[in-house]
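# Reading the structure
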Amino acid sequence: MEKRIRVLIAKPGLDGHDRGALVIAQALRDEGMEVIYTGLRQTPEQIVNSAIQEDVDVIGLSCLSGAHNELFPEVVRLLREKDAGDILVIGGGVIPDDDIPFLLERGIAKIFTPGTPTKETADFIRIEVQKKKGINVAPPEKLEHVGIAVKNLDEAISVYCYTLGFKLLGIETVESEGVKVAFLEMGESKIELLEPLSSESAIAKFIEKKGEGIHHLALKVNDIEERLDFLKKQGVKLIHEKPKQGAHGNQIAFLHPKSTGGVLLELCQTGHGEGKE
Ligand code: CO
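Residues numbered from 1 in each chain as written. Predicted model: local features only at pLDDT ≥ 70, side-chain atom pairs only at ≥ 80, totals over all residues. Heavy atoms only, no water.

This brings us to the sheet that holds strand 5 (residues 110-112). Spatially, the five strands line up as an open sheet ordered 2-1-3-4-5, and their pairing is parallel. With partners counted over all chains shown, the strands left at the sheet margins are strand 2 (34-37) and strand 5, one partner each. Ignoring strand direction, the axes of neighbouring strands in this sheet form an average angle of 25 degrees. Contacts from helix 2 (residues 44-53) reach strand 1 (6-10) and strand 3 (58-63), with the element oriented near 165 degrees to strand 1. Across the sheet, helix 3 (residues 68-81) touches strand 3, strand 4 (88-93) and strand 5, and the angle it forms with strand 3 is around 160 degrees. (Pairing = 2+ DSSP bridges. Helix = DSSP H or I, 4+ residues; strand = E, 2+ residues; numbered from the N terminus. Axes fitted to C-alpha atoms, helices over the stretch in contact; angles between N-to-C directions. Contact = heavy atoms within 4.5 Å.)

So this is what it looks like as structure tokens:
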């Protein structure tokens with residue numbers, strides 16, 4: 001299991017109200033993080049020492065006294081001085097919008113103004129901590145298939161199989177996609193020929209716009225749901241946020257070409273141990 005994210009919630013300065021800090025501390029605990037609260041009226045020095053001792057990933061500073069412009073940057077400065085500049089610092093409390101650019105420039109990663117949903121704060125922390133640790137994603141297993149949009153499946157099969165020598169694995173109608181598809185074997189990978197069943201099909205629209213040709217690349221993965229969640233959190237535009245049923249009973253989902261260099265990518269998780277691969 002991955003180590004839980006450790007957060008120090010700290011109240012620098014002289015103000016005596018910590019309801020907001022306690023609320024965020026509890027919310028982050030509910031999100032599965034380990035949260036330590038310093039208590040009121042801490043100096044930047046005390047906060048930085050606690051953070052290092054407790055080996056936290058994140059310091060959340062809350063300040064209502066108006067002294068954030070001195071106190072927050074001082075925390076960042078001391079962390080760097082003590083070789084702990086990799087600890088993420090975020091801030092909240094009563095902070096005028098005009099002060100935010102200054103604080104960001106001084107190394108505070110983000111300022112959460114009152115009313116920010118705590119879920120947003122938690123997601124931000126998760127992504128930033130992951131970025132700092134270095135993202136560790138398994139590569140897709142292989143190029144599962146190349147999808148090619150064709151106007152006439154029979155004609156395309158005849159060229160690919162009888163002239164080019166590909167072996168036809170099967171023909172299938174996928175009603176949900178409005179296509180008839182043929183899978184052709186090619187070593188470890190396949191070619192998927194797609195013919196639109198109606199002018200409403202995405203393949204028909206593709207052919208109308210660009211002509212016949214390569215439509216998508218499908219990558220074989222074995223963690224499609226987790227991977228989609230992860231990609232979403234990383235800001236990748238998804239066409240499908242949850243996997244859906246594709247040909248052969250595979251689970252598939254498409255990523256938006258806007259996020260992937262203009263290429264439509266399909267994630268494809270094949271059926272469980274059918275031995276067809
Ligand atoms: Co496909």
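Past the structure itself, the notes keep going.
Right, let's talk about the nonpolar core for a bit. In terms of nonpolar packing, the biggest core is built from 23 residues, with Ile59, Leu61, Phe72, Leu79, Ile87, Ile108 and Ile111 touching the most fellow members. Mapped onto this core, the elements with two or more residues apiece are strand 1, helix 2, strand 3, helix 3 and helix 4 (100-105). By residue number, the principal contributor to this core is helix 3, which donates six residues. If sequence neighbours within four positions are ignored, Phe72 has contacts with Pro12, Leu61, Ser62, Cys63, Gly91, Gly92, Ile95, Leu103, Ile108 and Ile111. With 17 residues, the next largest nonpolar core counts Ala21, Ala25, Phe112 and Phe124 among its residues. (Core = buried A, V, L, I, M, F, W, Y, C linked by side-chain atoms within 4.5 Å. Buried < 20%, exposed > 50% of the residue type's maximum accessible area, 1.4 Å probe, protein only.)

We now examine the coordination of the cobalt ion. The protein atoms that coordinate the cobalt ion are His145 (NE2), Glu192 (OE), His216 (NE2) and Glu266 (OE), at distances spanning 2.0 to 2.2 Å. Around the cobalt ion sit four donor atoms, and with donor-metal-donor angles ranging over 83 to 166 degrees the site reads as irregular. In terms of primary sequence, the donors binding the cobalt ion are separated according to H-x46-E-x23-H-x49-E. Of this pair, Glu192 sits in strand 9 (residues 189-196) while Glu266 sits in strand 13 (residues 265-269), placing them 74 residues apart in sequence. Under the relative-accessibility criterion, Glu192 is labelled buried at 7%. (Donors = N, O, S within 2.8 Å, 3.2 Å for Na, K, Ca; no water. Tetrahedral: all angles 85-135°; square planar, octahedral: opposite > 155°, others 65-115°.)

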